[in-house]
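Spelled out from the first residue to the last, the chains are:
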Amino acid sequence: MVPTSAQSTVLTDVTVYLRGDQAPRWLPGQDVVIRAGMVTAIGADARRAHRDLARTDGSGGYLVPGFVNTHTHLQQAVLRGIGEGLPLLAWLRCVGERTVAATAEQTYLSALAGGLELLRGGVTTVVEHMWPNRSEAVHDAMIRALDEVGIRVILGRGLADRADASRRWGLDPRLMQPLPEVFAHIEDLDARLRGSRISTALAVPNPRCLTPDGMAAAREFAVRGDKTVSIHVLETSTDDEMCRLHAGRGAVDYLDESGFLWDRTLAVHCVDLDAHGRDVFADRRVAVSYNPLSNMRLGSGAAPVLDMLAAGIGVGLGVDGAASNDTQDLLLALRMGSYLQRVTHKRADLLGFDDMLRMATCGAAAALGRADRGPGIGVGDRADLTLFRFDRDFACLPVLDPGATLLTTGSARVVDTVWVDGEPVIRNGHSTRVDAEALVRRLISMR
């Protein structure tokens, strides 16, 4: 593992998106003190009381909490554009063949490229949803890459216990592994990763891939280890159709009757989540990962995000894998996530910057085992932060409203510095840990 340590600095004269009692607000001319990886002070002249710390010039910059990408498949970063134009099940079979054939080296390069792209877009935490895989070497390659880039990771280890080569009522048998072996591997990873920026979770492909007994075993393991469970749910109507055909009930009720919906369940997509499903999710305190670009690319539809929020469901933002989105750009997902809801409801006054930043930073906090302190930066926060400089891109100028600018025109070009645990893992738009030019050469040579 790459040695990591919490770091200290004073970011001076920066405009901060400050958390407030009522609502966050932009506050210019602030010093932000980072000590031992935590935000310990924010004030107009806070540097005076911390003369022992190094200075980082924040003048002209805008500071926000680091983004939390609640869903991706980083093995797909080398599959950009694959299956273009195919519907979901056909696309899954196309991607599945590559998943079965993935080597440790391919996984390493893909995760390195995807993780670096996430950081360069202001993401400091990623929920990685790995497909089930018997190979420990593949998992080790994923961990090695993400450890090297320095991002914070909730690593979903894939599992399933129902096989079906068609993937309609089960998983590709070639990726299956007995659940006890999966649980033992996760426990081993927990011991190895203790003290790092990587923690483990469970990743379930969809409700069709676990039997009721499998769900009971997975929940017992997750609850005992205080782990998040990420599961694709109702990305299209297939989940409901297959669950009704084989189990005699819809996907939400199938999961609920097996006890697989609770406050650490992160349900991904939920495009076809109806009013009944929303009531169940709200009652069970299930969170949702909204992945607008993937849903648009695959023609899955627009998730009922406004109805979810109205029901009290926590909604986070995800990019999904680069084989169904083609980038790992959460700033683009931020924009399109808002615009998709606006065009669906034919209203321009929906999901502005404040709403979307909440979604992108703390919308699914409870399911990830985090306290939801609300959007914005405050004293006592972990120093996972992103500094934007809009003068890095003339297309963002002039800045009339920094939130509106970030939502409507922001891109990775304006990301200047990204801190994780107070460590600047991106500085001046470039990784401080990864040789990007060498990575480009290795990616070009891949076949």
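Keep in mind that this is a model prediction, so the values were computed, not measured.

1. Regarding the packing of aromatic side chains
- Evaluation of the coordinates by the stated rule reveals 9 aromatic pairs.
- Taken together, a centroid distance of 6.3 Å and an interplanar angle of 45° make the contact between Phe67 and Phe388 tilted. Separated by 321 residues along the polypeptide, Phe67 in strand 6 (residues 67-72) and Phe388 in strand 14 (residues 385-388) bring together distant segments of the chain.
- Through a chain of ring-to-ring contacts, the aromatic side chains of Tyr17, Trp26, Tyr62, Phe353 and Phe390 assemble into a single cluster.
- Directly above the aromatic system of Trp131 lies the positively charged group of Arg167, at a separation of 4.9 Å from the ring centroid.

2. Focus: the pairing of strand 14
- The two faces of strand 14 match: Leu385 and Leu387 on one face and Thr386 and Phe388 on the other face are all buried.
- Bridging between strand 5 (residues 62-65) and strand 14 involves 4 bridges; their strand directions are antiparallel. Residue pairing for strand 14: Pro65 is matched across the bridge by Leu385.
- Pairing of strand 14 with strand 15 (residues 415-420) involves 4 bridges; the strand directions are antiparallel. Within strand 15, the residue paired with Phe388 across the bridge is Val415.

3. Thoughts on helix 4 (residues 179-193)
- An ideal rise of 1.5 Å per residue puts 21 Å on 15 residues; helix 4 measures up with 21 Å between its terminal C-alpha atoms.
- Those residues of helix 4 lying buried are Leu179, Val182, Phe183, His185, Ile186, Leu189 and Leu193. In a view along the axis of helix 4, the buried residues occupy a sector of 160°, so they form one face of it.
- Here the buried face of helix 4 lies against helix 3 (136-149), strand 8 (152-158), strand 9 (198-204) and helix 5 (212-224).
- Just beyond helix 4, the residue with positive phi is Gly195, at close to 90°.

4. A closer look at the layout of surface pockets
- Empty space within the largest pocket amounts to approximately 950 Å³.
- Of the residues forming the lining of the largest pocket, the biggest block, 4 residues, is contributed by strand 9.
- Partitioned by chemical class, the residues of the lining of the largest pocket number 16 nonpolar, 15 polar and 14 charged.
- In this structure, the second largest pocket occupies an estimated 330 Å³ of space.
- Forming the boundary of the second largest pocket are 22 residues, of which Gly312, Ile313, Gly314, Val315 and Gly363 lie nearest the centre.
- For the lining of the second largest pocket, the secondary structure elements donating two or more residues are helix 8 (275-284) and helix 12 (353-361).
- Its residues placed into classes, the lining of the second largest pocket shows 14 nonpolar, 3 polar and 5 charged.

5. Things to note about the UniProt feature "domain: Amidohydrolase-related" (unreviewed entry) in the protein
- Here, the residues flagged by UniProt with the feature "domain: Amidohydrolase-related" (unreviewed entry) are residues 62-425.
- Summarising residues 62-425: 40% helix, 17% strand, and an end-to-end C-alpha distance of 17 Å.

6. Side note on the pattern of salt bridges
- Using the criterion set out here, one finds 33 salt bridges in the structure.
- Among the ionic pairs, Arg285 bridges to Asp263, the shortest N-O distance being 3.6 Å. Of the two residues, Arg285 is situated in the loop between helix 8 and strand 12 (287-290) and Asp263 in the loop between helix 7 (251-257) and strand 11 (265-269); the sequence distance between them amounts to 22 residues.
- Here Arg285 falls in the exposed class, since its relative accessible area comes to 59%.
- Judged by its relative accessible area of 29%, Asp263 falls in the partly exposed class.
- Two residues, Asp393 and Arg413, come together in a salt bridge whose shortest N-O distance is 2.9 Å. Note that Asp393 is positioned in the loop between strand 14 and helix 13 (402-409) and Arg413 in the loop between helix 13 and strand 15, a separation of 20 residues in sequence.
- Exposure remark for Asp393: the relative accessible area of 7% places this residue in the buried category.
- On the accessibility criterion, Arg413 (52% relative accessible area) is exposed.
- A single network of salt bridges, built from pairs that share partners, joins Arg152, Arg197, Asp384, Asp421, Glu423 and Arg433.

Calculation criteria
Residues numbered from 1 in each chain as written. Predicted model: local features only at pLDDT ≥ 70, side-chain atom pairs only at ≥ 80, totals over all residues. Heavy atoms only, no water. Phe/Tyr/Trp six-rings, centres within 6.5 Å; stacked < 30°, edge-to-face > 60°. Helix = DSSP H or I, 4+ residues; strand = E, 2+ residues; numbered from the N terminus. Lys NZ or Arg CZ within 6 Å of the ring centre and 35° of its normal. Buried < 20%, exposed > 50% of the residue type's maximum accessible area, 1.4 Å probe, protein only. Pairing = 2+ DSSP bridges. Expected span 1.5 Å × (residues − 1). Arc of directions from axis to C-beta. Contact = heavy atoms within 4.5 Å. 1 Å grid on protein atoms, 1.4 Å probe; cavity = no way out; pocket = protein on both sides within 12 Å on 5 of 7 lines; lining within 4 Å. Points joined across faces, edges and corners; volume = space filled by probe spheres on them. Nonpolar A, V, L, I, M, F, W, Y, C, P; charged D, E, K, R; others polar. UniProt positions renumbered as here; feature names shortened; annotations may be inferred. Salt bridge = Lys/Arg side-chain N within 4 Å of Asp/Glu carboxyl O.

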